Amino acid sequence: MQNTNPFIRACIITRCNNLIKSIIDENTLFCNTDSIVSRVPLSLKIGTSVGEWKLEHEGYVAYKGANYQWYGH
């Protein structure tokens, strides 16, 4: 989509960024355009449809700079 209509792409990314900004708090360790890592469980709508969150990892995380590693559950 970014090659056919950069304005729609910019709107989608801005909406995603604003949604993540509304979720982050003092427990947030890391966030990006499409992800968020928190020290506490978040009440997010988990699913497989567009606009729903996907839970990829759950457990302990080691994080330093731009590097991170997950450890079990």
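Quantities reported herein were computed from a predicted structural model and do not represent experimental measurements. (Residues numbered from 1 in each chain as written. Predicted model: local features only at pLDDT ≥ 70, side-chain atom pairs only at ≥ 80, totals over all residues. Heavy atoms only, no water.)

1. Considerations on the pattern of salt bridges
To keep things clear, this is the line we draw: One side-chain nitrogen of Lys or Arg within 4 Å of one carboxyl oxygen of Asp or Glu is enough to make a salt bridge. The buried label goes to any residue with under 20% of its type's maximum accessible area, the exposed label to any with over 50%, and the partly exposed label to all in between, with areas taken from a 1.4 Å probe on protein chains only.
One pass over the structure, following the stated rule, counts two salt bridges. Among the ionic pairs, Lys-45 bridges to Glu-52, the shortest N-O distance being 3.7 Å. Across the salt bridge formed by Lys-54 and Glu-56, the nearest N and O atoms sit 3.2 Å from each other. The two residues Lys-54 and Glu-56 agree in class, both being exposed.

2. Remarks on the environment of Pro-6
Cut-off, in case you're wondering: Only DSSP runs of H or I with at least four residues qualify as helices, and only runs of E with at least two residues qualify as strands; both kinds are numbered from the N terminus onward.
With respect to the secondary-structure elements, Pro-6 resides in helix α1 (residues 6-23). For Pro-6, a relative accessible area of 47% corresponds to the partly exposed category. Residues Pro-6 and Ile-20, 14 residues apart in the sequence, show an inter-C-alpha distance of 21 Å.

3. Some details on the pairing of strand β4 (residues 67-71)
Quick note on the threshold: For two strands to be treated as a pair, DSSP must find at least two bridges joining them.
For strand β3 (residues 60-64) and β4, the ladder comprises five bridges, and the chain directions are antiparallel. Of the residues in β4, the one forming a bridge with Tyr-60 is Tyr-71. The loop that links β3 with its antiparallel partner β4 comprises two residues; one of these, Gly-65, has a positive phi angle of about 65 degrees.

4. Structural notes on α1
Selection rule: Multiplying 1.5 Å by the residue count of a helix minus one yields the expected span of that helix. Identification of polar contacts relies on pairs of N or O atoms within 3.5 Å, with a donor-acceptor requirement for protein atoms, meaning one able to donate a hydrogen and the other able to accept it, and with residues adjacent in sequence counted only if both atoms are side-chain atoms.
Taking 1.5 Å of rise per residue, 18 residues should cover 26 Å, and α1 covers 26 Å from first to last C-alpha, within 8% of that figure. The N-capping residue of α1, defined by a side-chain oxygen 3.1 Å from the backbone nitrogen of Phe-7, is Asn-5.

5. With respect to the confidence of the model for the protein chain
Threshold: The pLDDT value expresses, per residue, how confident the predictor is, ranging between 0 and 100.
In this model, the protein chain carries an average pLDDT of 81, and 93% of its residues clear a pLDDT of 70 or more. For the protein chain, per-element mean pLDDT is lowest for β4, which scores 73, and highest for α1, which scores 87.

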